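Here's the letter readout for the chains.
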Amino acid sequence: MNVRNKTPTCWMVPALLMLSAASAAAQQPAAAPEPAPVGPAGRLEIREIPARSLEGNRVGDGGPKQVGVYLPPGYDAAAAAGTRYPVVYLLHGIFDHPSVWSRHYELPAMLDDLIGDGRVPPLIVVMPDGGNRIGGGFYRNSPVSGNWADLIAEELVTFVDTGYRTLPERDSRAVTGHSMGGYGALHLVMQRPDVFGTAWAMSPCCLAAEEDLGQGNPAWLAARELDGPAALDEAIEQRDFYVVAAVGLLSAFLPDPAAPPLFIEHPFRSERGETLPDEPAYTRFVLSFPVHHVRARREALLSLRGLGLDYGTGEQFPHIPEGGRLFSQRLSELRIPHTFEVYDGDHRKRIGERLREVVFPWIGRHLAAAPATQPAEPDATGS
């Protein structure tokens, strides 16, 4: 298999075409159908945060960063009662943008339906921009790509809790995401269980250095051959997915601010035409993946209200099924409760359906999610 595919599923979201056909019955007049009842609608706000956590990064992408905030139906009307809401942080994948949730998966309408049907409680959903010119920061802190974990767990959470009527406790705060965002959800609850109490990872990437993240991928040596920003820009322009993604991954997982021009260590080297581990960088690289952190983070994981992950049987990125299996196995060995699902699908095809039918209802059941109605402030007479 040629792993240097320049147009994988993650690179762009395919357009969806809606087709309809006429029937013989359409030749005769028919009564106009009754319009479907429309329930109350939430709204999507597009905001910006300064992203001070990314200042000084070596990738050259700083703030401000865009964030979408979905507010549930009745949010404004409930202001006088002081109603507060649980919050779900929804993280996108590599080379994606937060608008993928609203434009491709029609998230506001989906959430309106789920809330209207009582399948999830009224909640706020926050969709930050986790991208940069090399695909994304993987929601990790790095002296090269920036402090993305701090951006989400501190800067963004503070922005949301001070700007919206949230339930500002970890038990009322969940994080989920897809691919790179699935990795981010697991990384954040392992590192910041004081902030997030529930997580579900959809097709999480990068849980273990296996398969296409192992030494058989020629992109590692191609990335090593990049001799500066101009060569990286050319790889970006050519949409050489695995090479650019390798630089992005190493900027987050194996950064080295003292190693210009790209400020990364390389875990592999070439010798007599073979790709070999380059120690000690290789060991540091392998041990940076979450499967090796489960034991150390056991208490954090045990403290969660809910933990789940999944992948599809047709997953195009081979490390995702292997990493998910190993991560679940490690959780089980350490008696850490979790939900692990394998379903009929691929990296993207059923994500919208999974969000609607599985992920949001599951999260809703695990959140401390009943909106807390605060009494109105008394007036001067105390009435």
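Each remark here, short or long, concerns the structure printed above.
Residues numbered from 1 in each chain as written. Predicted model: local features only at pLDDT ≥ 70, side-chain atom pairs only at ≥ 80, totals over all residues. Heavy atoms only, no water.

## Remarks on the side chain of Asp346
For Asp346, the position within the fold is in the loop between β12 (339-343) and α11 (351-366). Within the buried core, Asp346 has no salt-bridge partner, and the shortest N-O distance to an opposite charge, that of Lys349, equals 4.8 Å. For Asp346, the side chain forms a polar contact with the side chain of Gln316, separated by 3.3 Å. A polar side-chain atom of Asp346 sits 2.6 Å from the main-chain amide nitrogen of Lys349. (Helix = DSSP H or I, 4+ residues; strand = E, 2+ residues; numbered from the N terminus. Buried < 20%, exposed > 50% of the residue type's maximum accessible area, 1.4 Å probe, protein only. Lys, Arg positive; Asp, Glu negative; His and termini not counted. Salt bridge = Lys/Arg side-chain N within 4 Å of Asp/Glu carboxyl O. Polar contact = N/O pair within 3.5 Å; in protein donor to acceptor, adjacent residues only side chain to side chain.)

## Structural notes on unusual backbone geometry
In the segment running from Gly63 into Pro64, the intervening peptide bond is cis, with an omega of -5°. Unlike most non-glycine residues, Tyr139 shows phi in positive territory, near 55°. Within the element layout of this structure, Tyr139 appears in the loop between β4 (124-128) and β5 (141-142). The class for Tyr139 is buried, based on a relative accessible area of 1%. A positive phi angle is found at Ser203, which is not glycine, with a value near 45°. With respect to the helices, strands and loops of the structure, Ser203 is situated in the loop between β8 (198-202) and α5 (219-225).

## Regarding the sheet that holds β12
The strand order across the open sheet built from eight strands is β1-β2-β4-β3-β7-β8-β11-β12, with neighbouring strands paired in mixed fashion. Among the strands making up the open sheet, the edge pair consists of β1 (43-49) and β12. Taking the axes of each pair of neighbouring strands and ignoring which way they run, one obtains an average angle of 15° across the sheet. Bridge analysis of β8 against strand β11 (residues 306-312) gives five bridges, and the strand direction is parallel. Counterpart to Met202 in the pairing with β11 is Asp310. Together, β3 (87-91), β7 (173-178), β8 and β11 form the strand contacts of helix α4 (residues 180-191), whose direction differs from that of β7 by roughly 150°. Across the sheet, helix α10 (residues 319-333) lies against β11 and β12, angled at about 150° from β11, the strand it touches most. (Pairing = 2+ DSSP bridges. Axes fitted to C-alpha atoms, helices over the stretch in contact; angles between N-to-C directions. Contact = heavy atoms within 4.5 Å.)

Worth remembering: the numbers are spatial, not functional.
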